[in-house]
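Chain and residue survey
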Amino acid sequence: MASTSKGPSRGTSTGLPPAQAKRDMPQDEADTVIVGAGLSGLTMALALAEAGLSSIIVDRVDPRAAVAGRNDIRTTAISLSSRRLMTVLGAWQAVADGAGPIHDIRVSDSGSSRYLHYDHSTVGDEPMGHIVDNGALKTSLLARLADHGDRVTFVEPGSAAALAVTAGRACLTLEDGRVLSAPLVIAADGRGSRVRALAGIRTTTVDYHQSAVVDTIAHTEDHRNLAHERFLPGGPLALLPLLDRNRSALVWSERTAVAERIAQLDDAGFAAALEERFGDSLGTMSPVGPRAVYPLTLTLAESGIADRVALVGDAFHALHPIAGQGFNVGVRDIAVLAEVLADAARLGLDIGGVPVLRDYQRQRRFDIMTMVASTDGLTRLFSNDIAPVRTARRIGLSMVQRVPMFKRAAIRHAMGTLGTLPRLLRGEPV
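We now turn to the structure provided with this report. (Residues numbered from 1 in each chain as written. Predicted model: local features only at pLDDT ≥ 70, side-chain atom pairs only at ≥ 80, totals over all residues. Heavy atoms only, no water.)

Regarding the pairing of strand β19 (residues 292–301)
With seven of ten residues buried, β19 is to be regarded as a mostly interior element. Examined bridge by bridge, strand β14 (residues 203–219) and β19 share ten bridges and lie antiparallel to one another. By the bridge assignment for β19, valine 213 is matched with valine 293. With two bridges joining them, β19 and strand β22 (residues 317–318) adopt antiparallel strand pairing. Directly across from threonine 299, in β22, lies its bridge partner alanine 318. (Buried < 20%, exposed > 50% of the residue type's maximum accessible area, 1.4 Å probe, protein only. Helix = DSSP H or I, 4+ residues; strand = E, 2+ residues; numbered from the N terminus. Pairing = 2+ DSSP bridges.)

Rendered as structure tokens:
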């Protein structure tokens, strides 16, 4: 079901603890205020710092404490173009040795022996992507941000309470009364974005009535750097290769009530349920945890911009994980926005002005709408067991498998290399 809702000194950082930093230095103004210190917010701040723009970063949770406490057990699929961006920003080098490369992807439908196979060598020598531990990537981003202490400030944990635009600046008031000021506020605060709501940007939400069970799976057979996506009536089941060739990251989407029951099974029961649905191509499987459940919805902002506000990542578009592209679409937001802002700053333009933000929105609209349509359509097409639909999708998989042109386009799309790319996604400095 779909629903619509409304949604004078530059900051510096010395590496001091947040409380001490707040007492010892001015923190109220910068080129941008970034709300949200997850992967998207940290990447956005680093891209801007590399371009010479300063940021104040605020989040309800101190990102350093969150990383230390391993609050995020998930892994993230990083496409080739996203890896290029992380490399040119200097954040990839610290995680490269622990990242699992994806050389091939196999897509199959339950109850059918047919499958669609994507081989990276069809379009080049580089892996299609990598699977990276979220905590490791956040740690690397934080380390790189520490190298930009003259351009990046972390304020003490806080939540946005009010947003006002006046005299060419946006003023963000936090719940404790602090006011942060910049020509532009960037919302990287997730699908429930508070900044988006304060800016009056409406959203459309689709509840898939599904949840994803996330776990790490050990298996007796070598995964051979092959990612599996198997479509089941309750939702897609993905096994993504980790660096250890006998371990894979599991993202298992099911109807929410079923997902919650599955997540509560003991290890033996969980393994049996998994093998029943996936088969034995990876041999004997066993969960090695920890295990978590995440609800799945589509949230799309009506606009990616407002008066001195820009949205990136899940604040702009939170997608179903069926194609594993959620974070990568957000990285494309970041690459475009960083380039637009950097170019505007070099020309002496107002980086939060209407022409600059409209340029960002224009460049991102087609990609986002294409990804929303494809992930939503695939979710509806494959998350059912109606006989005519089942037959049609199996024919479709077979047709794509037999047409090299379609396969190459799909591979480049998954790698994030299709179309005209901003500089960061080409591996060039902004």
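There's more to say after this.
Thoughts on the sheet that holds strand β8 (residues 129–133)
Spatially, the three strands line up as an open sheet ordered β4-β8-β5, and their pairing is antiparallel. This sheet does not close on itself; its edge strands, each paired only once, are β4 (75–79) and β5 (100–102). For this sheet the average axis-to-axis angle between neighbouring strands, irrespective of direction, equals 30°. As paired elements, β5 and β8 share three bridges and run antiparallel to each other. Across the sheet, residue proline 101 finds its bridge partner in β8, namely histidine 130. Each of β4 and β8 touches helix α5 (residues 134–146); the most contacted strand, β8, lies at about 85° to it. (Axes fitted to C-alpha atoms, helices over the stretch in contact; angles between N-to-C directions. Contact = heavy atoms within 4.5 Å.)

Some thoughts on the environment of arginine 106
Here arginine 106 lies in strand β6 (residues 104–109). Between the C-alpha atoms of arginine 106 and alanine 238, which are 132 residues apart in sequence, the distance is 9.9 Å. For arginine 106, the side chain forms a polar contact with the side chain of histidine 117, separated by 3.4 Å. (Polar contact = N/O pair within 3.5 Å; in protein donor to acceptor, adjacent residues only side chain to side chain.)

So, the pattern of salt bridges
Two side chains with opposite charge may pair up if their charged atoms get near one another. Taken as a whole and assessed by the stated rule, the structure comprises 21 salt bridges. Note that arginine 277 is salt-bridged to glutamate 254, the shortest N-O span being 3.8 Å. Of this pair, arginine 277 sits in helix α8 (residues 267–278) while glutamate 254 is found in strand β17 (residues 247–255), placing the two residues 23 residues apart along the sequence. Put simply, arginine 346 and aspartate 343 hold a salt bridge, and the shortest N to O gap is 3.2 Å. Highlighted residues: arginine 346 and aspartate 343, both in helix α9 (residues 326–346), separated by three residues, approximately one helical turn. (Salt bridge = Lys/Arg side-chain N within 4 Å of Asp/Glu carboxyl O.)

Considerations on the packing of aromatic side chains
Across all of its chains, the model carries two aromatic pairs by this definition. When the centroid spacing of 5.6 Å and the interplanar angle of 65° are considered together, the rings of tryptophan 252 and phenylalanine 270 count as edge-to-face. Remark: phenylalanine 270 occurs in helix α8 and tryptophan 252 occurs in strand β17; sequence separation between them is 18 residues. For the pair shown, tryptophan 252 and phenylalanine 270 are each scored as buried. Pairing phenylalanine 316 with tyrosine 360 gives two aromatic rings, centres 6.4 Å apart and planes at 55°, and the pair type is tilted. One end of the pair, phenylalanine 316, is in the loop between β21 (309–311) and β22; the other, tyrosine 360, is in helix α10 (residues 354–382), and 44 residues separate them in sequence. Over the ring of tyrosine 294 we find arginine 74, and its NZ or CZ is 5.0 Å from the ring centre. Its guanidinium or amino end placed over the ring of phenylalanine 270, arginine 291 lies 3.9 Å from that ring's centre, counting from NZ or CZ. (Phe/Tyr/Trp six-rings, centres within 6.5 Å; stacked < 30°, edge-to-face > 60°. Lys NZ or Arg CZ within 6 Å of the ring centre and 35° of its normal.)

Describing the environment of alanine 182
Inspection of the secondary structure puts alanine 182 in strand β12 (residues 179–182). With 13 residues separating them along the chain, alanine 182 and arginine 169 place their C-alpha atoms 5.5 Å apart. Not counting chain neighbours up to four residues away, the residues in contact with alanine 182 comprise Ala30, Asp31, Thr32, Val33, Arg169 and Ala170.

Considerations on the sheet that holds β12
Pairing is antiparallel in the open sheet, where three strands are placed in the order β10-β11-β12. Edge positions in the sheet fall to β10 (160–166) and β12, since each of these pairs with one other strand and no more. Averaged over all neighbouring strand pairs, the angle between strand axes comes to 20°, with direction disregarded.

Regarding unusual backbone geometry
Look at alanine 167: it is not a glycine, yet its phi comes out positive at around 50°. If you trace the backbone, alanine 167 turns up in the loop between β10 and β11 (169–174). Alanine 167 gets classed as exposed once you look at its relative accessible area, which sits at 77%. You will see that arginine 224, though not glycine, has its phi angle at about 55°, which is positive.

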